[in-house]
Amino acid sequence: MKQSIKIVLAIFFASLVLFGCEDMLEVDSPRVAYVEDHQLDSPLDSVYSMVGLFALLNDLGDQYVLLGELRADLMTTTDDAIVDLLEIENNTISKDNRYVNTKLYYDIINNCNYFIQNVDTSIFVGGEKAMYKEFAAAKAIRAWTYMQLALNYRSVYYYEQPILKLDDTLQAIQKMELQELMPVLIEDLLPWTEIAEPHYSVEPFGAAIGGYNSDHLFIPISLVLGDLYLWSKNYEQAAIQYKKVIDRRKLDIGKYYNSIRGITNNEFNGKVELNWHTSYQYTFEAVSYLSTSFLYGDGSNMINMTWPNDFSSPMVVASDVAVGNWRNTYYYNDSLTFVKGDLRGNSASYINIYESDFESQPDINNMIDKSVMADENYIAKYHFRSAASFERIILAKASYVYLKYAEAMNLAGRPHFAMAVLNHGLRSANVSDTTIVPRNERIIPWPDYMNFTSTYFNNNVGIHRRGSGGYTLDGNGTIMLSKIPQFGIPAGLDSVAAISYVNDKILEEMALETAFEGNRFHDLMRFALRTDNPGAFMSEKVSKKNATAGARLSNVDNWYLPE
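Structural notes, computed from the coordinates. (Residues numbered from 1 in each chain as written. Predicted model: local features only at pLDDT ≥ 70, side-chain atom pairs only at ≥ 80, totals over all residues. Heavy atoms only, no water.)

1. Some words on the overall build of the protein chain
Helix and strand counts for the protein chain come out as 24 helices and 18 strands. Each of the 563 residues in the protein chain was classed as buried or not, and the buried ones make up 58%. In the protein chain, 71% of the contacts between residues at least 6 apart in sequence involve partners at least 24 apart. Accessible surface for the protein chain amounts to roughly 22600 Å². Of this, 50% is attributable to carbon and sulfur atoms. (Helix = DSSP H or I, 4+ residues; strand = E, 2+ residues; numbered from the N terminus. Buried < 20%, exposed > 50% of the residue type's maximum accessible area, 1.4 Å probe, protein only. Contact = heavy atoms within 4.5 Å. Areas by Shrake-Rupley, 256 points an atom, 1.4 Å probe, with all protein chains shown as cover.)

2. Some thoughts on unusual backbone geometry
Geometrically, the link from Ile444 to Pro445 is a cis peptide bond, its omega value of 0° lying close to zero. Examined against the element boundaries, Pro445 turns out to sit in the loop between helix 19 (428–431) and helix 20 (465–468). The phi dihedral of Asn91 falls on the positive side, at around 55°, and the residue is not glycine. Judged by relative accessible area, which is 7%, Asn91 ranks as buried. The backbone of Ser347 shows a phi angle near 75°, a positive value even though the residue is not glycine. Relative to the helices and strands, Ser347 is located in the loop between strand 13 (338–340) and strand 14 (350–351).

3. Focus: a negative patch on the surface
Together, Asp79, Asp80, Asp375 and Glu376 line one region of the surface with negative charge. Here Asp79 shows up in the loop between strand 1 (75–77) and helix 5 (83–90). (Patch = residues over 30% accessible without salt bridge, like charges linked within 9 Å, V, L, I, M, F, W, Y side chains within 5 Å. Salt bridge = Lys/Arg side-chain N within 4 Å of Asp/Glu carboxyl O. Lys, Arg positive; Asp, Glu negative; His and termini not counted. Charge placed at Lys NZ, Arg CZ, Asp CG, Glu CD.)

4. Here we look at helix 17 (residues 398–411)
If you check helix 17, its first and last C-alpha atoms are 20 Å apart, about what 14 residues at 1.5 Å a residue would give, namely 20 Å. Along helix 17, 13 of the 14 residues are buried, which leaves the element largely enclosed by surrounding structure. (Expected span 1.5 Å × (residues − 1).)

5. A short note on the pairing of strand 9 (residues 267–273)
In regular strands, side chains alternate between the two faces of the sheet. As defined by bridge partners, strand 8 (residues 260–264) adjoins strand 9 across 4 bridges and the pair is classed as antiparallel. If you follow Ile263 over to strand 9, its bridge partner there is Phe268. (Pairing = 2+ DSSP bridges.)

6. A look at the nonpolar core
Ranked by size, the top nonpolar core spans 146 residues in total, and within it Tyr402, Tyr405 and Phe417 carry the most contacts. Ranked by residue count, the leading element in this core is helix 7 (residues 132–153), at 14 residues. Those residues in contact with Phe417, other than ones at most four positions away along the chain, are Tyr405, Met409, Leu426, Val431, Val437, Glu441, Trp446, Met450 and Phe452. By size, the runner-up hydrophobic cluster in this structure holds 18 residues, among which are Val272, Leu343, Ala348 and Met373. (Core = buried A, V, L, I, M, F, W, Y, C linked by side-chain atoms within 4.5 Å.)

7. A look at helix 5
Among the residues of helix 5, Asp84, Leu85, Glu87, Ile88 and Glu89 are the ones counted as buried. Contacts from the buried residues of helix 5 go to helix 4 (61–69), strand 1, strand 11 (316–318) and helix 24 (547–552). Phi for Asn91, located one or two positions after helix 5, is positive at around 55°.

8. A closer look at the pattern of salt bridges
Applying the stated criterion across every chain, the model contains 25 salt bridges. Note that Arg248 and Glu194 form a salt bridge whose closest N and O atoms lie 2.9 Å from each other. Residue Arg248 is located in helix 11 (residues 235–249), and its partner Glu194 is located in the loop between helix 8 (178–189) and strand 6 (208–209); the two are separated by 54 residues in the primary sequence. As a salt-bridge pair, Glu407 and Arg526 come within 2.8 Å of each other at their nearest N and O atoms. Note that Glu407 is positioned in helix 17 and Arg526 in helix 22 (residues 520–528), a separation of 119 residues in sequence. Its relative accessible area of 0% is what places Glu407 among the buried residues. In this structure, a network of salt bridges that share partners links the residues Glu285, Asp342, Arg344, Arg466, Glu509 and Glu513.

9. Remarks on the environment of Ser335
Mapping Ser335 onto the fold places it in the loop between strand 12 (330–332) and strand 13. What makes Ser335 partly exposed here is its relative accessible area of 29%.

10. Focus: the packing of helix 11 against helix 17
Two numbers describe how helix 11 lies on helix 17: the axes approach to 8 Å, and their chain directions differ by 155°. In terms of orientation, helix 11 lies roughly antiparallel with respect to helix 17. With respect to the hand of their crossing, helix 11 and helix 17 are arranged in left-handed fashion. On helix 17, the residues touching Tyr235, Ala238, Ala239, Tyr242, Lys243, Val245 and Ile246 of helix 11 are Val401, Tyr402, Lys404, Tyr405, Ala408, Met409 and Leu411. Partitioned by chemical class, the residues of the contact of helix 11 with helix 17 number 12 nonpolar, no polar and 2 charged. (Axes fitted to C-alpha atoms, helices over the stretch in contact; angles between N-to-C directions. Parallel < 35°, antiparallel > 145°, perpendicular 65-115°, else oblique. Left-handed = near helix turned anticlockwise from the far one by under 90°. Nonpolar A, V, L, I, M, F, W, Y, C, P; charged D, E, K, R; others polar.)

Dropping the structure here:
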């Protein structure tokens, strides 16, 4: 009993020991912490503090998704949407919008600063420094949070000391924009790239914390570094860091998640085997996620916002642009047998019961209450996770890491290598095939960041093929890769044109594979900033969904949120 009380109190303390900057700056606030009162000098202290950080991160979940999707082209509001959501979609966001809240970010940063400054990294347990992993993990969380702030608000107050006393104010702290901030964050993280994320597999928490895999509650340092290098346009270094994530987490693009159209006598027979949705439904490919359990904070409302029930209607649904992306993509059995429709769309990323493929799928059909559904393109991703008792908001999954790896490799001058991520899959036989990766894009022996010769990658298939086919069966029922000329790099393109072509294909694939997960606006930003006219690029993309918002986004200043 005493141990249980200690755990509860420790978790409560970890969540509340530090408070938001604004609260601390109120003259009447008693919420002042002192370093000498709260030393973190035992491994359990670090665990409890990490749980506190997870609670704060969780509170960012809905904000992360809605700001990342509604401002872009794949998610739209319904007639039931509240004013705050309409503001986000129309890009007329006011300072009092509930989803514009820098305090949440600075709460996380302040808690990370406190942990980093006060954790005792000299303690040895079992022959190794016990709290190095948590120390590095806190730095990764802090850097990720700073980057989100800078991407959304253009500039941030950068500080590394916790605000603990009333005379410490943000106004006295240096403010940085993204280009100034990135080298600072990179320098801070680089010494820690070889430190693995913590893995909690001992009492009192067991292999998971509150039912959540502890490995996935952390954000890998190499993932954050990959993003920082990608935004910095240091593409080879970005590829190196993403490959580290792939290797350490043993990420592959497994053929077991291919959704497949049935074939009889080389013709489609109308039957569909839907498998792709299980990759995110059960978070099998998750690299990092925010829990949405109320155990870790206020919980998420994304399920109710996106799915109908007896008490409310969704406030956000899939946009016509998103639906069109899947409907207008061709599914190939081979280069002669093809039909329109990517199987990652209806009955997977979204569901419309009036034109759905889920009827023959018991695992999906049993989740659907058709009595509350109208002729809408309901977003299915959060409902699927809820129905599977895996409520999470994914920050990064295997396919998204591979897509950003492909983005980096392409812009580093290897478009065919990058295209293999989408079309064929990175495995030994494919990267060694000069018809897939030409000699001028290869380095022999393979450097680590291009080396996919391990047998672990033998199951790797092209991301695009998971919903768009390109597979045939041999006599033993084994899936065989068939080449799709229509999806390869067109012949005759010079290197600049090939990179441009693959660049467009990667952005398209991000929409097909990761829609509604919170990435889209920043993906569009990143691609736009590499063009000669970023405002025109962003405006053209978003105007397809919302002409008014698109017009406003032609001015780069309007990409950023009010503080």
